[in-house]
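Examination of the molecular architecture
These are the residues of each chain, in order.
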Amino acid sequence: MPFLQNTWYLAAWADELASDKMLARTIVDRPLICFRDQAGQASVLEDRCPHRFAPLSRGKLDAGVVTCGYHGLSFDSKGRCVRNPHGPIPPAVKVSRLPVCERHFCIWIWPGEPDRADETLIPDLGFIDRVSAQERVKGHLETQSNYQLMIDNIMDLSHADYLHPQTLGGGINTRAKCEVAESVNEVAVKWTALNDTLPPAMAQFLPNPQAPGDFQNEVYWNAPGIMRQRVAFAEHGRLQTHGFESWTSHVMTPRTSGSTHYFYCHTNAALQQNPEMAPQIDAVLRSAFQGEDAPMLEAQQGQIGDHDFWDLKPALLSIDKAAVLARRHLEKLIKAEASSSP
Amino acid sequence: MPFLQNTWYLAAWADELASDKMLARTIVDRPLICFRDQAGQASVLEDRCPHRFAPLSRGKLDAGVVTCGYHGLSFDSKGRCVRNPHGPIPPAVKVSRLPVCERHFCIWIWPGEPDRADETLIPDLGFIDRVSAQERVKGHLETQSNYQLMIDNIMDLSHADYLHPQTLGGGINTRAKCEVAESVNEVAVKWTALNDTLPPAMAQFLPNPQAPGDFQNEVYWNAPGIMRQRVAFAEHGRLQTHGFESWTSHVMTPRTSGSTHYFYCHTNAALQQNPEMAPQIDAVLRSAFQGEDAPMLEAQQGQIGDHDFWDLKPALLSIDKAAVLARRHLEKLIKAEASSSP
Amino acid sequence: MPFLQNTWYLAAWADELASDKMLARTIVDRPLICFRDQAGQASVLEDRCPHRFAPLSRGKLDAGVVTCGYHGLSFDSKGRCVRNPHGPIPPAVKVSRLPVCERHFCIWIWPGEPDRADETLIPDLGFIDRVSAQERVKGHLETQSNYQLMIDNIMDLSHADYLHPQTLGGGINTRAKCEVAESVNEVAVKWTALNDTLPPAMAQFLPNPQAPGDFQNEVYWNAPGIMRQRVAFAEHGRLQTHGFESWTSHVMTPRTSGSTHYFYCHTNAALQQNPEMAPQIDAVLRSAFQGEDAPMLEAQQGQIGDHDFWDLKPALLSIDKAAVLARRHLEKLIKAEASSSP
């Protein structure tokens, strides 16, 4: 299945970009460099000099100008050749530049037709903007698995009970009532449990960690792999008055067909008062992902290999509903794009 | 060349299987799990959950029930889904199970049509059963080479003189008289030498290691890659009265087209009286295989690559007779199977 | 693009060959062994026993006779089977032998039709012969990049200013006047600069390293990838009377389509008086190549992947003229060979 081209992909966190150091990153099979010009504007170029195809990331970035480390050609943030030390600047020589938008502390890129790069199409991750810096815990991880498996993983959080039993699981995700809804461009899934045993990583924040609790967990998917999650929990009956609430974005950007960038950003008002919780939360998220999710997803990818997922005829369970709807939405978009391209 | 499907393959030693720990092993390109149910019966299932294709070997085995580590589906030793924590058990959800037979301390599996899995077709390795545990030296090794090269290696033991000169060789294998016989389903090769210099690893057991000896070495092949070897030697003229005799099985089970499981079991009545010889014999076998055979076989495989062996037009020598007959037998069986399958 | 077959390739330095130890080396995708017979004649054979395809390089070389380490067949330096310990020597059993010529302290091989192996076609590297041993600095290195990229690299030495700024560059290569000439079978490129800042690795040899200098740099290419370089420099105006001059061969021999053998030999009359300079020069050459050229060339290769170079439409600059002419010459030869072969 090809990648959707006319869409926004999260390429990097905004603070990963600088005007004196390139960030090299492969997205939808394209090696790219990401950096800032002197005005601080983000720019994303193909990581390939048009002269002899040396990766520009092996060169230098100085004041927003990239100079190839092989023969010294320089390019500005628009990809235009601005210096040829060996003669006149050849008019046709340029580096491909992708439409870029900086929003929600993220750098978004549009690999498809530049004219169609409409910034209003970026899903709203405004919750990230509405909190202070210390209320955010964010990171970037990678897996050797397809991005659709990564999306499935978030769209069916019942897996937490089996894969993360000591932190995010314990049984409540399986016992919770699950509701799925879809609209034109969104799939939503909500889990609700009342008077149940909270996951250990949540229960520890209650005055009495042993007490039964109430639990709401909601995930909203937008194409291609952008998910927002709301979690709320409290001692039973106290969700309105003493609830803990967090919003987390989980964004899956294809690196290649067999590898994925995972960008997460957890926001939590409680961090304002308890900044020492931030590294703890980050450690739980990273450790769950790197020690439990990633090995399983990579093993799953290994079993699937180059097969088409549906050709393998997966057994469909009730818990798959949201993940399957998200897959169907995405497949429809990819097919529409394939049929409309020349 | 495809693998023969309707045949028994040695998958594991019986004592590798337990009811609380799965053994993951790939055979004829199929990732499998091997374990025991609560009654101790061996079971071999596809190592892939039918839900999302997670390897079951990453889950848990408890009382003969396998639970997937990703979403918690459980399967019994027949591959039937016995628990879906998320709802009713879907009737069609099951894991493929292979016919299994436990015999001669080995677990045998039949990758082909289950109805044709006839246990009487397992070649007779009864010599393993007829000795006591301390008279057996057995192991499992792997190589990155095709199983047919591994069979060739055993069917032409003249290689010992060149590849194992300090232990199993020395020249006698080349000088010995060699006779080959074939029947409907067996190829036999016998080497006989009288009044000759025994291989160092044998001579050391004689009262006078320098004395000339008599030597018999016989290998019997059955499809697909099951070989029994009888070795007898003694000081010259004393084979009937003071001979040392051993029987060894060498079983080559394809892992993939380019990798092979090697199961060996050496039995030797002298071990009854001299149990301290067992680790010495095991060390000789392992060291010859891992230090000498495997590197050569893997280099040979490297030169052959993906080419068909016969397309490369190997020079045929007299020593190849038994190996070529075994290849021809096996190829005939594989072709017959291909032509009879739908 | 296939490799040119009817041509001489530099396979090894003459002193790499011995009569008691084989040198295994892959050239134009063919695994080979190189050694000497008892008379000291160089011989190059396919590294593959015709019996079971074991690499002969895993066997033994004794008095110019190669014995396979698997079953003991022996071959002489012509590839003829001279011993079969298992029976009569089969008449058809032989190892392919390549035409070999030893010249300029190099072992040259001809992978194409043996009848066409004309030694007068070897480009003249006589400068290597005309100096004493201590005036030579030579070596063999490898890269994971196509040989044509390696040739491009030498045919456009302007790269030194960007890739080797602290040693061979600094800007003079870019500022120098560049002239390109071609004849029937040679491409020549000459850079000249007067009263300019010499590269640091050259300036250090001047009485006053800060003084402006004169600089001549010439490269002569012959198919398939044989280049001679003349460098002369001196303090400004003293090139005729106090110049330093060196000749260096840079020979690129394809190992596979994605890897290359690089043979270099630097000759320098000044080494006669200053033999301590030899290891310094070798260190500069190796360090520039391994630390700067090879990583860039391998990254460039990574970006090109399996694409045809021209299909990627490289931007052509004035500095590419010599490299492009050399590519065109070579492509013409390869096409002519393809159209004339049956």
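Look up: the structure comes first, before these words.
Residues numbered from 1 in each chain as written. Chains lettered and ligands numbered in written order. Predicted model: local features only at pLDDT ≥ 70, side-chain atom pairs only at ≥ 80, totals over all residues. Heavy atoms only, no water.

Residues and elements named next belong to chain A. Between helix α2 (residues 147–155) and helix α9 (residues 321–340), whose axes approach to 8 Å, the crossing angle comes to 145°. Handedness of the crossing formed by α2 with α9: right-handed. Contacts between α2 and α9 involve Y147, Q148, L149, D152 and M155 on the former and, on the latter, A322, A323, A326, R327, L330 and I334. (Axes fitted to C-alpha atoms, helices over the stretch in contact; angles between N-to-C directions. Helix = DSSP H or I, 4+ residues; strand = E, 2+ residues; numbered from the N terminus. Left-handed = near helix turned anticlockwise from the far one by under 90°. Contact = heavy atoms within 4.5 Å.)

So, about the pairing of strand β16 (residues 226–235) of chain C. Every other side chain in a regular strand lies on the same face of the sheet, so the side chains alternate between the two faces. All names here are of chain C. Taking burial as the measure, the ten residues of β16 include nine buried ones, the bulk of the element. Alignment of strand β15 (residues 213–222) against β16, held across ten bridges, turns out to be antiparallel. Its bridge partner being in β16, V219 is matched across the sheet by Q229. (Buried < 20%, exposed > 50% of the residue type's maximum accessible area, 1.4 Å probe, protein only. Pairing = 2+ DSSP bridges.)

Attention now goes to the interface of chain C and chain A. One frequently used descriptor of interface size is the decrease in accessible area upon assembly of the parts. If you look at the interface, chain C gives 28 residues, while chain A gives 20 residues. Together, the buried faces of chain C and chain A total about 2,100 Å²; carbon and sulfur atoms form 62% of this surface. Of all residues in chain C, the largest losses of buried area upon contact with chain A belong to Y162(C), M296(C) and Q303(C), amounting jointly to 32% of the total for that side. Scanning the region where chain C abuts chain A turns up two salt bridges. For D152(C), the salt bridge goes to R52(A), with nearest N and O atoms at 3.0 Å. The dominant element in the side of chain C that touches chain A, judged by the number of residues it contributes, is helix α8 (residues 277–304) of chain C, at seven residues. Class assignment of the residues belonging to the side of chain C that touches chain A gives a composition of 16 nonpolar, seven polar and five charged. (Buried area = accessible area lost by both parts, 1.4 Å probe. Salt bridge = Lys/Arg side-chain N within 4 Å of Asp/Glu carboxyl O. Nonpolar A, V, L, I, M, F, W, Y, C, P; charged D, E, K, R; others polar.)

Take the relation of the copies chain A and chain B next. By a simple turn and slide, chain A fits onto chain B: the slide is 0.1 Å along the axis, the RMSD is 0.1 Å, and the turn is 120°. Such values leave the two copies arranged in the relation of a three-fold axis. Proximity to the rotation axis, assessed at the C-alpha, singles out D306(A) in chain A; its C-alpha lies 11 Å from the axis. (Least-squares fit on C-alpha atoms with pLDDT ≥ 70 in both.)

Tallied over the entire structure, the rule returns 33 aromatic pairs over all chains. Judged by centre distance (5.7 Å) and plane angle (70°), the ring pair of F309(A) and F53(B) falls under edge-to-face. One end of the pair, F309(A), is in the loop between α8 (277–304) and α9; the other, F53(B), is in the loop between β4 (42–46) and β5 (60–62), on a second chain. In this structure F309(A) comes out as buried when scored by relative accessible area, which is 8%. With a relative accessible area of 1%, F53(B) lands in the buried category. Ring geometry for W13(B) and F263(B): centres 6.1 Å apart, planes at 80°, overall edge-to-face. With W13(B) in strand β1 (residues 9–13) and F263(B) in strand β18 (residues 259–268), this residue pair connects regions lying 250 residues apart in the sequence. An identical accessibility class is assigned to W13(B) and F263(B); each is buried. When the ring centre of F105(B) is taken as reference, the NZ or CZ atom of R136(B) above it lies at 3.9 Å. (Phe/Tyr/Trp six-rings, centres within 6.5 Å; stacked < 30°, edge-to-face > 60°. Lys NZ or Arg CZ within 6 Å of the ring centre and 35° of its normal.)

Residues and elements named next belong to chain B. Strand order in the open sheet made by the seven strands is β12-β18-β17-β16-β15-β14-β13, with antiparallel pairing throughout. What marks the edges here is a single partner per strand, and that holds for β12 (136–143) and β13 (177–182). The mean angle between the axes of side-by-side strands here comes to 15°, regardless of whether they run parallel or antiparallel. Pairing geometry for strand β14 (residues 187–196) and strand β15 (residues 213–222), over eight bridges, is antiparallel.

Attention shifts here to the sheet that holds strand β15 (residues 213–222) of chain A. Residues and elements named next belong to chain A. An order of β12-β18-β17-β16-β15-β14-β13 is seen for the seven strands of this open sheet, with the pairing classed as antiparallel. At either end of the open sheet lies a strand with only one pairing partner, and these are β12 (136–143) and β13 (177–182). Neighbour-to-neighbour, the strand axes of the sheet open up by a mean angle of 15°, direction not taken into account. Where α2 meets the sheet, it contacts β12, β14 (187–196), β15, β16 (226–235), β17 (244–256) and β18 (259–268), and its direction lies at approximately 165° from that of β17. Across the sheet, α8 lies against β12 and β18, angled at about 20° from β12, the strand it touches most.

This part covers the interface of chain A and chain B. Every contact between the two is made by 28 residues of chain A and, on the other side, 20 residues of chain B. For the pair chain A and chain B, the two sides together bury roughly 2,100 Å², of which 62% comes from carbon and sulfur. Three residues stand out in chain A for area buried against chain B, namely Y162(A), M296(A) and Q303(A), and they jointly supply 32% of the buried area on that side. Of all the secondary structure elements, the ones that give two or more residues to the side of chain A that touches chain B are α2, α3 (160–163), α8 and α9 of chain A. At seven residues, the largest contribution of residues to the side of chain A that touches chain B is made by α8(A). Residue classes in the side of chain A that touches chain B are distributed as 16 nonpolar, seven polar and five charged.

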